2 protein chains.
Amino acid sequence: MSIDVLGIDHIGIAVKDLPQAIKTYRDTLGLRIVGREKLDSRGLEVCFIDAGQSRLELLGETRTPTEISKFLETRGEGIHHICLRVGDIEDAVQRLVTQGAQVIGEGIQEGAHRSRVAFIHPKSTHGVLLELVEQTHHQEQDDES
Amino acid sequence: MSIDVLGIDHIGIAVKDLPQAIKTYRDTLGLRIVGREKLDSRGLEVCFIDAGQSRLELLGETRTPTEISKFLETRGEGIHHICLRVGDIEDAVQRLVTQGAQVIGEGIQEGAHRSRVAFIHPKSTHGVLLELVEQTHHQEQDDES
C-alpha cells in the first residue's frame, strides 16, 4: 500500500538575509512572490514564490537560534526541506511509524491555516528532511483568494 | 517581467546506494516508483518517484567521479537540485543572463526525451542548484504512456 501523495506543496530554502534573497528570486531570477509571513513563535519569516501548483518557501531568521540555525551554520544557505501534500496524514504517519521511519517530535502537529503537518527525520530518508501536510478544504479556499 | 514557471518538474536527491534508497522510499516511506533509467554517459542511474504533477528523482552513481561525487563527499546524501518547468527556456535563460545570474556551462542543453534544460549556479540562487526544463509536447505524451 502506498501513501497517497497529491503533490509537492513547497520546497523550503534556508537563507541568511531574507530581503536580499527575495530581491534575488524576484528581480534576478524573475520569479513571482505570492506571499510573505512572520512566524513569530518560531523566530522565522517566510516568503512564498510561485511554482505552478507548488511553491518555493524562502526561510529567514528574525532571531537566533531557530530551527534553521544549525543548518545555516553547518551547510550554509540552500534547500532545507521538501513538503509533500498527502490525502490522509493520519494514515501516512501510521504507515511510516509501522515501517520504522523516524517521525520527528510529537508526530502530527498543527501547521499554518489549520493544516496538519508531520516531519520525517533525514536519517529515514537518505538525508532529506521530509514534511508531510494535509490541507483542509478551508485552506485551499484561502490560498485561492 | 516574470519567468513563466509551470511547476516543479522534479527534485533531485543524491544517494550513495540507489537500490537501498529505492527500498527505503518504496517500502519504508510508501511512495510509488514510476521509472528507473541508466544515464551511461553521466555515470548515473536515476529512479523517479511519483509526487502528483512532480517527481522526486533519486540519483545514484554507477561509476566515479560524476557530477554528484563532490556533493556526496562534502555534504553527504540529500537534496541535490530543484528543477522548475518553464514555458519558454530561451526567454528564461536570456532574462537570467541579462539580470546577471550565472548559467552553468554552455547554457541550454539537450535533456532527456528531447527536452531542453539549463542550470543556474547556486551562487546566483542563495545556495540552490536550479535546473530549468522546457518539455516538448512529445515528452508529455511519453510520460503519460
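Everything numeric in this text was worked out from a predicted model, so none of it was measured. (Residues numbered from 1 in each chain as written. Chains lettered and ligands numbered in written order. Predicted model: local features only at pLDDT ≥ 70, side-chain atom pairs only at ≥ 80, totals over all residues. Heavy atoms only, no water.)

Trainee: Help me out: how do you make sense of the overall build of chain A in this one?
Mentor: Regarding its fold elements, chain A presents four helices and eight strands. Ordering the α and β elements of chain A from the N terminus gives β-α-β-β-β-α-β-α-β-β-β-α. Scaling as 2.2 N^0.38, a compact globule of 145 residues should have a C-alpha radius of gyration of about 15 Å, and chain A matches this with 15 Å. With the C-alpha coordinates aligned to their principal axes, the bounding extent of chain A is approximately 45 × 40 × 25 Å. Across the 145 residues of chain A, 52% fall into the buried class. For chain A, contacts bridging at least 24 residues in sequence account for 50% of all contacts bridging at least 6. Taken as a whole, chain A presents about 7,100 Å² of accessible surface, with 45% of it coming from carbon and sulfur. Side chains of chain A carry 16 positive and 24 negative charges; the gap between the two charge centres is 6 Å. (Helix = DSSP H or I, 4+ residues; strand = E, 2+ residues; numbered from the N terminus. Rg over C-alpha atoms; globule rule 2.2 N^0.38 Å. Buried < 20%, exposed > 50% of the residue type's maximum accessible area, 1.4 Å probe, protein only. Contact = heavy atoms within 4.5 Å. Areas by Shrake-Rupley, 256 points an atom, 1.4 Å probe, with all protein chains shown as cover. Lys, Arg positive; Asp, Glu negative; His and termini not counted. Charge placed at Lys NZ, Arg CZ, Asp CG, Glu CD.)

Trainee: Please clarify how the confidence of the model for chain A should be interpreted in this entry.
Mentor: Close inspection of predicted coordinates is inappropriate for parts of the model with low pLDDT. Residue and element names in this part refer to chain A. The predicted model of chain A averages 92 in pLDDT, with 93% of residues at 70 or higher. Mean pLDDT across the elements of chain A bottoms out in helix H4 (residues 137-144) (51) and peaks in strand E4 (residues 54-61) (98). Confidence estimates for the predicted assembly give a pTM of 0.92 and an ipTM of 0.92. (pLDDT = per-residue confidence, 0-100.)

Trainee: Help me understand the relation of the copies chain A and chain B in this model?
Mentor: The second copy of the chain is related to the first by a rotation about an axis and a shift along the axis. The transform that puts chain A on chain B rotates by 180 degrees and translates by 0.0 Å along the axis, for an RMSD of 0.0 Å. Accordingly, the operation relating the two chain copies is best matched by a two-fold axis. Minimal C-alpha separation from the rotation axis in chain A is found for A:Ile79, amounting to 3.4 Å. Taken as a fraction of all interface residues of chain A, those also at the interface in chain B reach 100%, which identifies the copy contact as same-surface. (Least-squares fit on C-alpha atoms with pLDDT ≥ 70 in both.)

Trainee: In this structure, what is going on with the packing of aromatic side chains? I would like to understand it.
Mentor: When we look at a pair of aromatic rings, we describe it by the centre distance and by the angle of the planes. Applying the stated criterion to the full structure yields zero aromatic pairs over all chains. The ring of A:Phe48 has A:Arg55 lying over it, and the distance from NZ or CZ to the ring centre is 4.1 Å. (Phe/Tyr/Trp six-rings, centres within 6.5 Å; stacked < 30°, edge-to-face > 60°. Lys NZ or Arg CZ within 6 Å of the ring centre and 35° of its normal.)

Trainee: Would you mind showing me how to read the interface of chain A and chain B here?
Mentor: Quite often, the size of an interface is put as the accessible area lost when its parts meet. With 47 residues of chain A at the interface, the matching set in chain B holds 47 residues. Approximately 3,500 Å² of surface area, both sides summed, lies buried where chain A meets chain B, with 63% of it carried by carbon and sulfur atoms. Linking chain A with chain B are zero salt bridges, by the criterion used here. Here chain A and chain B share 10 residue pairs in polar contact (both at pLDDT 80 or more) between them. The element best represented in the side of chain A that touches chain B is helix H1 (residues 18-28) of chain A, accounting for seven residues. (Buried area = accessible area lost by both parts, 1.4 Å probe. Salt bridge = Lys/Arg side-chain N within 4 Å of Asp/Glu carboxyl O. Polar contact = N/O pair within 3.5 Å; in protein donor to acceptor, adjacent residues only side chain to side chain.)

Trainee: What's the story with the pattern of salt bridges in this structure? I'm lost.
Mentor: It is possible for side chains bearing opposite charge to pair when their charged atoms get close. Counted according to the given criterion, the structure contains 14 salt bridges over all chains. Members of the salt-bridge network, linked through shared partners, are A:Glu90, A:Arg116 and A:Glu134.

Trainee: Would you mind showing me how to read H1(A) here?
Mentor: Think of an α-helix as turning once every 3.6 residues; residues three or four places apart then point the same way. Within H1(A), burial applies to A:Leu18, A:Ala21, A:Ile22, A:Thr24, A:Tyr25 and A:Thr28. Looking at the buried side of H1(A), the elements it contacts are strand E1 (5-14), strand E2 (33-39), strand E3 (44-51) and E4 of chain A together with helix H3 (89-98) of chain B. Between the side-chain oxygen at the start of H1(A) and the backbone nitrogen of A:Gln20 there is a gap of 3.1 Å, and the oxygen is on A:Asp17. After H1(A) finishes, the residue A:Gly30 shows a positive phi value of roughly 75 degrees.

Trainee: I would appreciate a short explanation of the pairing of E2(A) in the present structure.
Mentor: On a regular strand, one side chain projects to one face of the sheet and the next to the other, so that they alternate. Residue and element names in this part refer to chain A. Looking at chain direction, E2 and E3 are connected through six bridges and run antiparallel. When the sheet's bridge partners are listed, Arg 36 is paired in E3 with Cys 47. Taking the residues between adjacent antiparallel strands as the criterion, E2 and E3 are bridged by four residues, where Gly 43 takes a positive phi near 70 degrees. (Pairing = 2+ DSSP bridges.)

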